[in-house]
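# Observations on the model geometry
Each chain, written out:
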Amino acid sequence: MAKIGQPNKELPHGAGDHGGGEKGALWPDLGGWFSLPGMAWLATISQGEAVGELAEAYAAMAARPIPAVYRPPNGTAPGIVRAHSLDAELMRRTFTMSGLLHRSGLAWADRELVSSVTSRTNQCFY
Amino acid sequence: MLTGDDGLLPARGAALADLAAVLTSRPWSVTPEIRDRLAAQGVEGADFEAALGVVAMFNYLTRVADASGIEFDYASEQLPVFEPERDQEPAPRPGRDRWPVVGAEFRTFPSFPAMTRAWQDWRDYVLDSDEPLTRRERLVLARAAAQESCDAWRADELGEYAPHEGGEALLDAFARKLSRRPWQMGPADLQTLRDGGYAERALLHAISAVALQNAESRLAMGRALTSS
């Protein structure tokens, strides 16, 4: 593991899967940022470790009426939601907008096709 | 598969795929023919606006995914595994005199008032806040993203936000890569900003500002088709 940065004073001690480095988590307990495989590059706070406004935002996200296929099989919040977890208000505003698009009246299959082609064109797995 | 020119798709799907592919990769080159092809398949009015909204939203979400390095949440045993082509070259940008000029009135969803309000609330927070990035830093990022999207009206509106040396130059370079080559983003791109003094929450806002401007520019260029 490579040390890749400095401790982030903004985050609560031990809060979340603090991403950074080669798809790695950051662990302030180890005196700096270290990478672990399988985690984001940007610091995130998981739903299980969220408190206050962030916990409320995660709960609101989980309560949304979305198709089961959008829910990760491990029961946690989707990575794209976790990516916004350093700012609960940003998470709320972003996914309010995306939620309204889901209720726009355009058929689900059409939305899936458009989003899939957009992602494919941008060479993105999301 | 799903590249926007898949001959196996039915006509309605092929027209939607074409819209998404062109607006994502070459937003400056969307034409009334794309709109008319969709209208012939019943995708017009509110449905057309909604389709534009989905393209815009996913131009935001994919950039957040690529810049933050989130992992794939799902595994499908039925579909082939998607392998991104990281060496893909972006479409060449046209000269400045060929950029579309699309005003503020086309950056909304007239068929969906609630969506317009939500978009504006989101946009205000991302591009008009003063922490953890300053408003000026956000608009430096947005200016670069608008230029990379060949969005003449927005690029002109943000003309005074050319980057100064130092941190703003780092933000400008970050915004240009995330706008033009999101599939090539890596952990070093965020680390460069960290080394420049930007804290982790500021990085999230930098990503969001770039991604949202890319989304807005594509919404505008698609919506402009409704006026011709």
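## Overview of the overall build of chain B
If you tally the helices and strands in chain B, you get nine helices and zero strands. For chain B, the sequential pattern of α-helices and β-strands runs α-α-α-α-α-α-α-α-α. Taking 2.2 N^0.38 as the reference for a compact globule, 228 residues should give roughly 17 Å; the C-alpha atoms of chain B span a radius of gyration of 18 Å, in line with that estimate. Taken along its principal axes, the extent of the C-alpha atoms in chain B is 50 × 45 × 35 Å. Residues counted as buried form 49% of the 228 residues belonging to chain B. Look at the contacts in chain B between residues 6 or more apart in sequence, and 73% of them connect residues 24 or more apart.

## Structural notes on the overall build of chain A
Secondary structure summary: chain A contains four helices and four strands in total. For chain A, the α and β elements follow one another from N to C terminus as β-β-β-β-α-α-α-α.

## Description of the interface of chain B and chain A
Taken together, the contact pairs 57 residues of chain B with 52 residues of chain A. Of all the secondary-structure elements, those providing two or more residues to the side of chain B that touches chain A are α1 (11-25), α3 (46-68), α4 (113-127), α8 (187-195) and α9 (200-223) of chain B. Sort the elements by how many residues they give to the side of chain B that touches chain A and α3(B) lands first, with 16 residues. Of the residues belonging to the side of chain B that touches chain A, the class tally is 34 nonpolar, 13 polar and 10 charged.

## Observations regarding the nonpolar core
Ranked by size, the top nonpolar core spans 97 residues in total, and within it B:Leu16, B:Ala51, B:Val55, B:Leu141 and B:Ala206 carry the most contacts. By residue number, the principal contributor to this core is α3(B), which donates 14 residues. With sequence-adjacent residues up to four places away left out, B:Ala51 is seen in contact with A:Leu106, A:Asp110, A:Val114, B:Leu16, B:Leu19 and B:Val43.

## Overview of unusual backbone geometry
Here the bond from B:Glu131 into B:Pro132 is cis, since omega is 5°, no more than 30 degrees from zero. Positive phi, close to 55°, is recorded for A:Gln123, a residue that is not glycine. With respect to the element layout, A:Gln123 can be found in the segment after α4 (108-121). Residue classification places A:Gln123 among the partly exposed residues on the basis of 19 C-beta atoms within 10 Å. One non-glycine residue with positive phi stands out, namely B:Cys150, at about 60°.

## Examining the environment of B:Ala175
All names here are of chain B. Topologically, Ala175 is positioned in helix α7 (residues 167-180). Using a count of 27 C-beta atoms within 10 Å as the deciding quantity, one classes Ala175 as buried. In contact with Ala175, other than residues within four places in its own chain, are Leu141, Ala144, Ala145 and Val210.

## Remarks on α4(A)
With 14 residues, α4(A) extends 20 Å between its outermost C-alpha atoms, agreeing within 8% with the 20 Å of an ideal straight helix rising 1.5 Å per residue. Inspection of α4(A) places A:Arg111, A:Leu113, A:Val114, A:Ser115, A:Val117, A:Thr118, A:Ser119, A:Arg120 and A:Thr121 among the buried residues, and these make up the whole buried set. Structurally, α4(A) contributes buried residues whose contacts are with α1 and α3 of chain B. Directly after α4(A), the chain includes A:Gln123, whose backbone phi takes a positive value near 55°.

## Section: α3(B)
Residue and element names in this part refer to chain B. With 23 residues, α3 should cover 33 Å at 1.5 Å per step; its first-to-last C-alpha distance of 33 Å lies within 8% of that length. Within α3, 22 of the 23 residues are buried, which leaves it mostly tucked inside the rest of the structure. Once α3 ends, the next one or two residues include Gly69, with phi positive near 75°.

## Let's talk about the confidence of the model for chain B
Averaged over every residue, the pLDDT of chain B is 93; residues scoring 70 or more account for 93%. Complex prediction metrics read pTM 0.88 and ipTM 0.93.

## Let's talk about the packing of α7(B) against α9(B)
Residues and elements named next belong to chain B. Their axes nearest at 10 Å, the elements α7 and α9 cross at an angle of 50°. In terms of axis orientation, α7 runs oblique to α9. For the element pair α7 and α9, the recorded crossing hand is right-handed. Facing α7, whose interface residues are Leu171, Phe174, Ala175, Leu178 and Ser179, α9 presents Ala206, Val210 and Asn214. Here the residues of the contact of α7 with α9 sort into six nonpolar, two polar and no charged.

## Topic: the confidence of the model for chain A
With 70% of its residues at a pLDDT of 70 or more, chain A shows a mean pLDDT of 74. When pLDDT is averaged over each element of chain A, helix α3 (residues 88-102) of chain A comes out on top at 96 and strand β1 (residues 3-5) of chain A at the bottom at 31.

What counts and how
- Residues numbered from 1 in each chain as written.
- Chains lettered and ligands numbered in written order.
- Predicted model: local features only at pLDDT ≥ 70, side-chain atom pairs only at ≥ 80, totals over all residues.
- Helix = DSSP H or I, 4+ residues; strand = E, 2+ residues; numbered from the N terminus.
- Rg over C-alpha atoms; globule rule 2.2 N^0.38 Å.
- Buried ≥ 20, exposed ≤ 12 C-beta atoms within 10 Å, placed from the backbone.
- Contact = placed C-beta atoms within 7 Å.
- Nonpolar A, V, L, I, M, F, W, Y, C, P; charged D, E, K, R; others polar.
- Core = buried A, V, L, I, M, F, W, Y, C linked by C-beta atoms within 7 Å.
- Expected span 1.5 Å × (residues − 1).
- pLDDT = per-residue confidence, 0-100.
- Axes fitted to C-alpha atoms, helices over the stretch in contact; angles between N-to-C directions.
- Parallel < 35°, antiparallel > 145°, perpendicular 65-115°, else oblique.
- Left-handed = near helix turned anticlockwise from the far one by under 90°.

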